[in-house]
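Okay, here's what each chain looks like letter by letter:
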Amino acid sequence: MRSRVVVLVCALAAMPSAHAADDWAFSGNLGLRSTYMSRGIGQTDGKSSRFFGADVAWRDTVYVGMWSSNVDFSASGDTHTRREYDVYAGWRPKVGIVTLDVGYAYYGYSHQPRDTRVSYSEWYVRGSVPVGPVVMGLSVNYSPDYPGMVQRAYYTEGTVAWAIDDAWTLSGVVAHQQEAHAVFRPNGHIGSFGYNAWNLGATWRFTPTWSADLRYWNTDAHDAGDPFHPHLVASIKADFSR
């Protein structure tokens, strides 16, 4: 994974240096959550999550970044993997009132089992449109090397966020994950696996830097195990930018 980070950093360094310093934006974040949820699935076996990330953007259009959190996949039999490291890069053009986001992400994991591949890559296309105080979004994600025997996976997500005022925002997500070659059928054949996920919550920005969030997560795949069960997640986060 380090080689991928080096490639991303070198790509930024190779960009023209004649642009003013104001063309560049640096941001970071760190925080604590009661548990880490991703696409409706618990990632820390009900334990707390400590996370941090950083981004560099040029003219708010081309960007690279990284993000990391502790993980615990004990519920699925993986007692080795300890931390997730994500690196990503993309392009955010604006077409009329629509903001697009086209990019690539790599999800790496430390101490993953030798006989099990947990890390994977993904391409994504996202779009968002403001409608008054409401921002609506849609994203489509494709992974050609999803973990295990799945290989191909698709994730589609619709979002809506309503800024009530400068401090409070209500937001929700409805999503679907589809995985090829994911489960063994009773007849011995390998079949696909799909599930729907959603969340709904409120974010309170109580200072320019700090915010708190309370969010309910759920899926329609409770039979798949505890990570797919409903969770109420509280978090606190700090955002920095310059």
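Residues numbered from 1 in each chain as written. Predicted model: local features only at pLDDT ≥ 70, side-chain atom pairs only at ≥ 80, totals over all residues. Heavy atoms only, no water.

Visitor: Even after reading the chapter, I still don't get the pairing of strand E12 (residues 168-184), so can you show me in this structure?
Guide: Side-chain positions along a regular strand alternate between the two faces of the sheet. As judged from the 11 bridges shared by strand E11 (residues 151-163) and E12, these two strands associate in the antiparallel manner. In the sheet register, Ala163 faces E12, and the bridge partner there is Thr169. Following E11, the chain reverses through four residues before pairing antiparallel with E12. Sheet analysis places E12 next to strand E13 (residues 190-205), joined by 14 bridges and oriented antiparallel. Directly across from Trp168, in E13, lies its bridge partner Trp204. Where E12 folds back on E13, the antiparallel hairpin that results is connected by five residues, among which Gly188 adopts a positive phi of roughly 90°. (Pairing = 2+ DSSP bridges. Helix = DSSP H or I, 4+ residues; strand = E, 2+ residues; numbered from the N terminus.)

Visitor: Would you mind showing me how to read unusual backbone geometry here?
Guide: A negative phi angle is the norm for most residues apart from glycine, just as the trans form is the norm for most peptide bonds. One non-glycine residue with positive phi stands out, namely Asp45, at about 55°. If you trace the backbone, Asp45 turns up in the loop between strand E3 (41-42) and strand E4 (49-58). Not every positive phi belongs to a glycine, and Asp60 is a case in point at roughly 55°.

Visitor: Help me out: how do you make sense of the pattern of salt bridges in this one?
Guide: When charged atoms on two side chains of opposite charge get close, those side chains can pair. According to the stated counting rule, one finds nine salt bridges in the structure shown. Arg59 is the salt-bridge partner of Asp23, the closest N and O atoms lying 3.4 Å from each other. Of the two residues, Asp23 is situated in the loop between helix H1 (2-13) and strand E1 (24-33) and Arg59 in the loop between E4 and strand E5 (62-70); the sequence distance between them amounts to 36 residues. Asp239 serves as the salt-bridge partner of Arg205, at 3.1 Å between the closest nitrogen and oxygen. Placement of the pair is Arg205 in strand E13 and Asp239 in strand E15 (residues 231-241), with a sequence separation of 34 residues. Judged by its relative accessible area of 25%, Asp239 is partly exposed. Each of Asp45, Lys47 and Asp72 takes part in one network of salt bridges that share partners. (Salt bridge = Lys/Arg side-chain N within 4 Å of Asp/Glu carboxyl O. Buried < 20%, exposed > 50% of the residue type's maximum accessible area, 1.4 Å probe, protein only.)

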